[in-house]
Amino acid sequence: MRLRLPPPPSVPAAAAYAIAVAAPLLALAASLPLRPHVYNVPFALFFLAASIVGYVAGTGPGLVTVAMSAVLGTYWLVPPYGALTFSNAEILAAGLYVPVATVLALLAASLREGYARRAASEAWFRTLADASPQLVFTALPSGAGEYCNRTYSDYTGHGPEQLRSGGWLASIHPDDVPRFHAAWTDASSEGCTTQLRIRRHDGTYRWFLAALVPLRDAQGGVVRWYASCTEIQAQKESEEAKALAIEARDAFLSVAGHELRTPLTAALLQIQGAQRLVHDVEDGEAVARRLGKVAASIERLGSLVDVLLDVSRLGMGKLAIERRSYDLSAVVETVVDRFAEEARRAGVALRVDVEAGVHGDGDPLRVEQVVANLVSNAIKYGRSQPVDVSLRRAGGRARLTIADRGIGIAPGDLGRIFDRFERGVSERHFGGLGLGLWIARQIVEASGGTIAVSSRGPGEGSLFTVELPLDARADAA
Ligand code: ADP
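These notes cover the structure that comes with them. (Residues numbered from 1 in each chain as written. Predicted model: local features only at pLDDT ≥ 70, side-chain atom pairs only at ≥ 80, totals over all residues. Heavy atoms only, no water.)

**Here we look at helix H8 (residues 177–185)**
Argument step 1. Of all the positions in H8, only Phe-180, Ala-183 and Trp-184 are classed as buried. Projected onto a plane normal to the axis of H8, the buried residues spread over an arc of 100° and lie on a single side.
Argument step 2. The secondary structure elements touched by the buried residues of H8 are strand S1 (135–139), helix H7 (167–170), strand S3 (192–199), strand S4 (205–216) and strand S5 (222–231). (Buried < 20%, exposed > 50% of the residue type's maximum accessible area, 1.4 Å probe, protein only. Helix = DSSP H or I, 4+ residues; strand = E, 2+ residues; numbered from the N terminus. Arc of directions from axis to C-beta. Contact = heavy atoms within 4.5 Å.)

**A few points about the sheet that holds S5**
Adjacent strands of a sheet pair through backbone hydrogen bonds, lying either parallel or antiparallel.
Argument step 1. Read across the open sheet, the five strands follow the order S2-S1-S5-S4-S3; overall the sheet is antiparallel. Where the open sheet ends on each side, the last strands, each with one partner, are strand S2 (145–148) and S3. Recorded for the sheet is a direction-independent mean angle of 30° between the axes of neighbouring strands.
Argument step 2. Inspection of the sheet shows S1 paired to S2 by three bridges, in the antiparallel sense. Along S2, the bridge assignment pairs Ala-139 with Gly-145. (Pairing = 2+ DSSP bridges. Axes fitted to C-alpha atoms, helices over the stretch in contact; angles between N-to-C directions.)

**Quick look at empty space enclosed by the protein**
Argument step 1. One pass over the full model with this rule turns up one cavity of 30 Å³ or more.
Argument step 2. If you add up the space inside the largest cavity, you get close to 50 Å³.
Argument step 3. Looking at the largest cavity, the residues that line it are Phe-137, Tyr-152, Trp-168, Ser-171, Ile-172, Phe-180, Leu-196, Ile-198 and Cys-229.
Argument step 4. Taken together, the residues of the lining of the largest cavity break down into eight nonpolar, one polar and no charged. (1 Å grid on protein atoms, 1.4 Å probe; cavity = no way out; pocket = protein on both sides within 12 Å on 5 of 7 lines; lining within 4 Å. Points joined across faces, edges and corners; volume = space filled by probe spheres on them. Nonpolar A, V, L, I, M, F, W, Y, C, P; charged D, E, K, R; others polar.)

**Some points on the site of the ligand**
Argument step 1. Contacts to the ligand come from 21 residues, most closely from Tyr-381, Asp-404, Arg-423, Gly-424 and Leu-437.
Argument step 2. The backbone of Leu-433 places a nitrogen or oxygen atom 3.0 Å from an oxygen atom of the ligand.
Argument step 3. Separating a nitrogen atom of the ligand from a side-chain N or O atom of Ser-462 is a distance of 3.2 Å.
Argument step 4. Within the complex, 97% of the 530 Å² of free accessible area of the ligand lies under protein.
Argument step 5. Where the shell around the ligand is concerned, the elements lending two or more residues are helix H13 (364–380) and helix H15 (436–446).
Argument step 6. Counting residues per element, the shell around the ligand draws most heavily on H13, at three residues.
Argument step 7. Split into classes, the residues belonging to the shell around the ligand amount to nine nonpolar, eight polar and four charged. (Near = heavy atom within 4 Å. Polar contact = N/O pair within 3.5 Å; in protein donor to acceptor, adjacent residues only side chain to side chain. Areas by Shrake-Rupley, 256 points an atom, 1.4 Å probe, with all protein chains shown as cover.)

**Topic: the sheet that holds strand S10 (residues 397–403)**
Argument step 1. Reading across from one edge, S7-S9-S10-S12-S11 is the order of the five strands in this open sheet, with mixed pairing throughout. Either end of the sheet is taken by a strand with one partner, and the two such strands are strand S7 (350–354) and strand S11 (450–454). Across this sheet, the average inter-strand angle for adjacent strands is 15°, counted without regard to direction.
Argument step 2. Here S11 runs beside strand S12 (residues 463–469); their pairing, made up of five bridges, is antiparallel. Directly across from Thr-450, in S12, lies its bridge partner Glu-467.

**Focus: the pairing of S5**
Argument step 1. Alignment of S1 against S5, held across five bridges, turns out to be antiparallel. By the bridge assignment, Ala-139 is partnered in S5 with Trp-225.
Argument step 2. One ladder, built from nine bridges, connects S4 with S5; its direction is antiparallel. When the sheet's bridge partners are listed, Leu-209 is paired in S5 with Thr-230.
Argument step 3. The hairpin formed by S4 and S5 contains five residues between the paired strands, and Gly-220 there has a positive phi angle of roughly 95°.

Written out as structure tokens, the structure is:
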């Protein structure tokens, strides 16, 4: 069993010397009644006093105690009592006592210094560990925690008690425990790094990179583990976001590829047909018809490419939006006229109710793009049912509504269809890039307006509402 001394107190110099003087006096007071019995070892209690003073107060006070007790002991405890005669007995007693007591006092003082050095190095380690932004803790191979830094306590909310009872292991995400535990219990391990989730005091888990280092004894056995954990949550999140973005990009490229391929194939077929007909000069009308279809396909291709360009401009913040007074009523009517033929082909009755002379404050070309997108969607998803387009002044703004009676939108999709690449339909049933509403929202919001959708659900039709700023001066005129 190892003898464990209580840590020496820190004593100011004056108190240390007061102790150095008081101790031999006390030892003398205690020795006087014993004088007849300890005749042969008169200095017994002074040895004890010198050792204690060396340990409690240090080298200097220890030596003062030795000197004082040599004098006091020789005077009072070595016959003839109460006199210094420098007899042989007195010289022998003092001569034996002083070197032995000096050695004892010095040994005790060096023990004290050892303690002080250890305490200083521990304080140094604690300050260093507490200043670290990493979670640092040490534990025995049994799993009992020993020490944790302040960052660890602040993060986990665990104090030394929970640490000692192995609570730190319970803070690790259950899925990560086996990996961590394997590293921990591997006695031959040279240490390792592993990623794991650690529970925060509020119950949420965050990712950390943990470095485990074993400390070994002379026989090579692990005596304790040091763990230092660096938070890598932001890195993990950005990796996940990057993976999602790559997934979305790949899915988008496949959709865009198909969309661009369709009008290209159609145009090619028409050109090949026209080439065959060209030899027959009399069939000029058929050639013209085919060329018309080629033009339509190329127009479609052009508008798809425009969408892609808009997306890249928006992504780089380069989509220019003018602000000027324009005739919004005229814009809406123009768009509806433009879609008349497409609506007729789809069997959709386009019904228009536009208040005349509504003047907006914004970019007519961009607003036209928004209206065209919503009307085109209403025709595309409208199941050949009538579509109502209306424009009114309402609450100091222009309110445009486009209502169809088509496939409708599931409640879960309402929130996401305005996001980039988001679609609520399968590409097998409806073509599209999933970008029209995203671009529309960007334009409307940049113009100081709002866009919203409502639908009672699949098969129940959809209602898109756009509110845009009015040009107050033109409107008042
Ligand atoms: P796209 O039509 O190319 O898919 P949009 O951004 O224009 O892209 O529309 C996103 C999604 O919103 C569509 O895929 C569709 O699910 C849904 N949507 C848009 N307009 C309507 C509508 N009028 N009726 C039903 N669903 C619609």
